Amino acid sequence: YTVVETLYSFGSFRGQDTYYPANIASLGQVPLVVVSHGNGHNYQWYDHIGEHLASYGYVVMSHQNNTVPGIETASTTTLENTDDFLGNLASIDNGVLVGHIDSSRITWIGHSRGGEGVVRAYTRLLGGYSVQNYSASDIKLISSIAPVTFLTPASSCSCLPPF
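First things first, this report covers the structure right here in the doc. Bear in mind that the values here come from a model prediction, so they are computed numbers and not experimental data.

### Things to note about the overall build of the protein
- For the protein, the helix and strand inventory stands at four helices and six strands.
- When the helices and strands of the protein are read in sequence order from the N terminus, they spell out β-β-β-α-β-α-β-α-β-α.
- Against the globule reference of 15 Å for 163 residues, the protein gives a C-alpha radius of gyration of 15 Å, in line with a compact fold.
- Considering only C-alpha atoms, the protein reaches an extent of 45 × 30 × 25 Å along its principal axes.
- For the protein, with 163 residues in total, the buried portion stands at 50%.
- Summing over all exposed atoms, the protein offers an accessible surface of approximately 7,300 Å²; the carbon and sulfur share of this is 53%.
- On the protein, the mean spot of the 6 positive side-chain charges and the mean spot of the 12 negative ones are 10 Å from each other.

### Remarks on the side chain of His100
- Here His100 is to be found in the loop between helix 2 (71-87) and strand 5 (101-111).
- Look at His100 and you get buried, because its relative accessible area is 14%.
- Within the local environment of His100, its side chain forms a polar contact with the backbone oxygen of Ile24, the two atoms lying 3.4 Å apart.
- Reaching out from His100, the side chain makes a polar contact with the backbone oxygen of Gly28 at a distance of 2.9 Å.

### Focus: the sheet that holds strand 4 (residues 59-63)
- Strand order in the open sheet formed by six strands is 1-2-4-3-5-6, and the pairing between neighbours is mixed. The sheet is open, and its two edges are formed by strand 1 (3-9) and strand 6 (139-145), each paired on a single side. Pairwise comparison of adjacent strand axes, ignoring direction, gives a mean angle of 20 degrees for this sheet.
- Both strand 5 and strand 6 contribute to a ladder of six bridges, which runs parallel. If you follow His111 over to strand 6, its bridge partner there is Ile145.
- Seen against the sheet, helix 1 (residues 47-54) touches strand 1, strand 2 (15-21), strand 3 (30-36), strand 4, strand 5 and strand 6 and runs at an angle of roughly 30 degrees to strand 2.
- Packed on one face of the sheet, helix 2 meets strand 1, strand 2, strand 3, strand 4 and strand 5 and runs near 150 degrees to strand 5.

### Re the packing of aromatic side chains
- Per the counting criterion, the structure on display carries two aromatic pairs.
- On the numbers, 5.4 Å between centres and 65 degrees between planes, the contact of Tyr8 with Phe10 is edge-to-face.
- Looking at Tyr8, the relative accessible area reads 16%, which means it is buried.
- Given a relative accessible area of 29%, Phe10 falls into the partly exposed group.
- With centroids separated by 6.2 Å and ring planes inclined at 85 degrees, the aromatic side chains of Trp108 and Tyr134 adopt a geometry described as edge-to-face.

Reading the values: rules and limits
Residues numbered from 1 in each chain as written. Predicted model: local features only at pLDDT ≥ 70, side-chain atom pairs only at ≥ 80, totals over all residues. Heavy atoms only, no water. Helix = DSSP H or I, 4+ residues; strand = E, 2+ residues; numbered from the N terminus. Rg over C-alpha atoms; globule rule 2.2 N^0.38 Å. Buried < 20%, exposed > 50% of the residue type's maximum accessible area, 1.4 Å probe, protein only. Areas by Shrake-Rupley, 256 points an atom, 1.4 Å probe, with all protein chains shown as cover. Lys, Arg positive; Asp, Glu negative; His and termini not counted. Charge placed at Lys NZ, Arg CZ, Asp CG, Glu CD. Polar contact = N/O pair within 3.5 Å; in protein donor to acceptor, adjacent residues only side chain to side chain. Pairing = 2+ DSSP bridges. Axes fitted to C-alpha atoms, helices over the stretch in contact; angles between N-to-C directions. Contact = heavy atoms within 4.5 Å. Phe/Tyr/Trp six-rings, centres within 6.5 Å; stacked < 30°, edge-to-face > 60°.

Honestly, it's all geometry; don't read function into it.
See below:
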């Protein structure tokens, strides 16, 4: 599909770069892919992922990630940007995505510190972290690209067996 890219912000550490098929209105509901960048990186540098996946019918949102303090803040910005995105579809490109995001099929992709951050975000959801527009059962895939390990594996993801 031909891809549309749009940049916008919902506030501090709420910058988002979203990619979607230009013919989204004819596709029904499609999965959401959220990309969380690494420390020293920029959320606008993941256009290769956004363009590619959107050309195959996904909606991809890459967000500004608060990585400098560490994994906990990186996980918080993933949790909150996903919630902001889903809760504000009507304000993104005049609402073109309303009714077209299957919020029960979410993938989180994280790079470097964002890679550990997406795993930690999922663990926090399982532990009761409160969001309004999705739940842990809506996260279908977590993919970490060259993740760092500031926390122990058990601390990052309580869903792993003990090591």
